[in-house]
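Remarks on the overall topology
Letter by letter, the chains look like this.
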Amino acid sequence: MQHDRLAFVDTLRAVAAVAVLTFHLPLIADGGPLLGPGWLDHALQVIGSSGIDLFFCVSGFVLCLMAPRYQANRYPVASFYVKRALRIAPLFFVVLAAWVAMFMLRHRPIDWWQIAAEVMFVFNLDPRTANGFAFADWTIGVEMLFYAVFPLLYRLVPGPGRKLVALLLAFPLFELVMLGYAQLPIEPELLQRFRWLSVFNHAPTFLLGMLAHDLYRRLAPTRYARALGLAAMLGTAVLFAG
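Summarised in this report is the structure supplied together with it.

What counts and what doesn't
- Residues numbered from 1 in each chain as written.
- Predicted model: local features only at pLDDT ≥ 70, side-chain atom pairs only at ≥ 80, totals over all residues.
- Heavy atoms only, no water.
- Helix = DSSP H or I, 4+ residues; strand = E, 2+ residues; numbered from the N terminus.
- Buried < 20%, exposed > 50% of the residue type's maximum accessible area, 1.4 Å probe, protein only.
- Contact = heavy atoms within 4.5 Å.
- Areas by Shrake-Rupley, 256 points an atom, 1.4 Å probe, with all protein chains shown as cover.
- Phe/Tyr/Trp six-rings, centres within 6.5 Å; stacked < 30°, edge-to-face > 60°.
- Polar contact = N/O pair within 3.5 Å; in protein donor to acceptor, adjacent residues only side chain to side chain.
- Axes fitted to C-alpha atoms, helices over the stretch in contact; angles between N-to-C directions.
- Parallel < 35°, antiparallel > 145°, perpendicular 65-115°, else oblique.
- Left-handed = near helix turned anticlockwise from the far one by under 90°.
- Nonpolar A, V, L, I, M, F, W, Y, C, P; charged D, E, K, R; others polar.

Some thoughts on the overall build of the protein chain
For the protein chain, the count of helices and strands is 9 helices and 0 strands. Taken from the N to the C terminus, the helices and strands of the protein chain come in the order α-α-α-α-α-α-α-α-α. Counting all 242 residues of the protein chain, 43% fall into the buried class. Restricting the contact set of the protein chain to residue pairs at least 6 apart, pairs at least 24 apart contribute 69%. When the accessible area of the protein chain is evaluated, it comes to approximately 13600 Å², of which 69% is carbon and sulfur surface.

Details of the packing of aromatic side chains
The relation between two aromatic rings is expressed through the spacing of the ring centres and the mutual angle of the planes. The tally for this structure, following the rule as stated, stands at 18 aromatic pairs. Residues tyrosine 70 and phenylalanine 80 carry aromatic rings whose centres are separated by 5.3 Å and whose planes lie at 85° to one another, so their mutual orientation is edge-to-face. Highlighted residues: tyrosine 70 in helix H2 (residues 38-71) and phenylalanine 80 in helix H3 (residues 76-105), separated in sequence by 10 residues. Judged by centre distance (4.7 Å) and plane angle (65°), the rings of tyrosine 181 and phenylalanine 194 are edge-to-face. Of this pair, tyrosine 181 sits in helix H6 (residues 159-182) while phenylalanine 194 is found in helix H7 (residues 188-197), placing the two residues 13 residues apart along the sequence.

Section: the side chain of serine 198
Along the polypeptide, serine 198 turns up in the loop between H7 and helix H8 (199-219). Among the polar contacts listed, one links the side chain of serine 198 to the backbone nitrogen of phenylalanine 200, at a separation of 3.0 Å.

Quick look at the packing of H6 against H7
Axes are the key here: two packed helices are described by the angle between their axes and the distance separating the axes. Viewed as axis vectors pointing N to C, H6 and H7 meet at an angle of 155°, and their least axial separation amounts to 11 Å. Taken together, the axis directions place H6 and H7 in an arrangement best described as roughly antiparallel. For the crossing formed where H6 meets H7, the hand is right-handed. Here H6 contributes Phe174, Glu175, Met178, Tyr181 and Ala182 to the contact with H7, which in turn contributes Leu191, Phe194 and Arg195. In the contact of H6 with H7, the residues fall into 6 nonpolar, no polar and 2 charged.

Put into structure tokens, the structure is as follows:
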């Protein structure tokens with residue numbers, strides 16, 4: 001069963017990767033038509049944007065799947081944070097250093113507050129830095145903040161019922177958070193972009209992944225578990241696309 005679950009997750013990751021690739025294809029043409037009609041490029045963008053949400057949904061699923069392994073450790077929370085950091089931080093810091101070096105070689109200005117925020121993995125909390133410094137690294141900012149709260153979240157919302165409640169509450173919570181940010185002296189354009197980049201916006205997809213894990217475990221003995229799980233997570237990506 002464990003082998004089947006890992007294969008199931010790998011399939012979803014592959015679908016998400018292809019979707020993200022289609023999202024970035026038009027950028028190769030510098031915003032111009034890549035494959036012909038503009039409507040086709042727009043369709044690729046819509047489909048591709050769902051890949052990000054699918055990645056986040058799979059992340060919530062996988063963390064719940066692996067949680068029993070961490071709980072078997074003498075220091076489960078510390079073990080979780082160390083393993084997550086070792087998985088993400090080394091490569092992230094290498095890429096970040098490469099981009100800083102590239103900016104310096106080209107004599108381009110560097111916002112060192114942005115770099116400091118990225119090193120501490122808190123840049124997603126500030127609308128001025130949430131977009132990230134290196135190409136598409138904003139997703140790391142979202143992912144790491146979710147990692148930060150996952151142990152507490154996993155303890156507070158056991159079972160599908162509480163996860164469903166948390167999922168429903170995440171939507172009004174996002175609007176309340178954005179209302180708070182709107183009181184700050186931040187440019188409206190930055191706030192508008194932050195609505196999409198913010199971890200609070202993507203929290204429902206993580207929570208839906210956690211919920212999908214609980215439902216999958218309950219359905220696992222049935223013959224339709226895998227098909228239902230795939231349909232649910234792919235449906236999630238389409239639902240939250242854009």
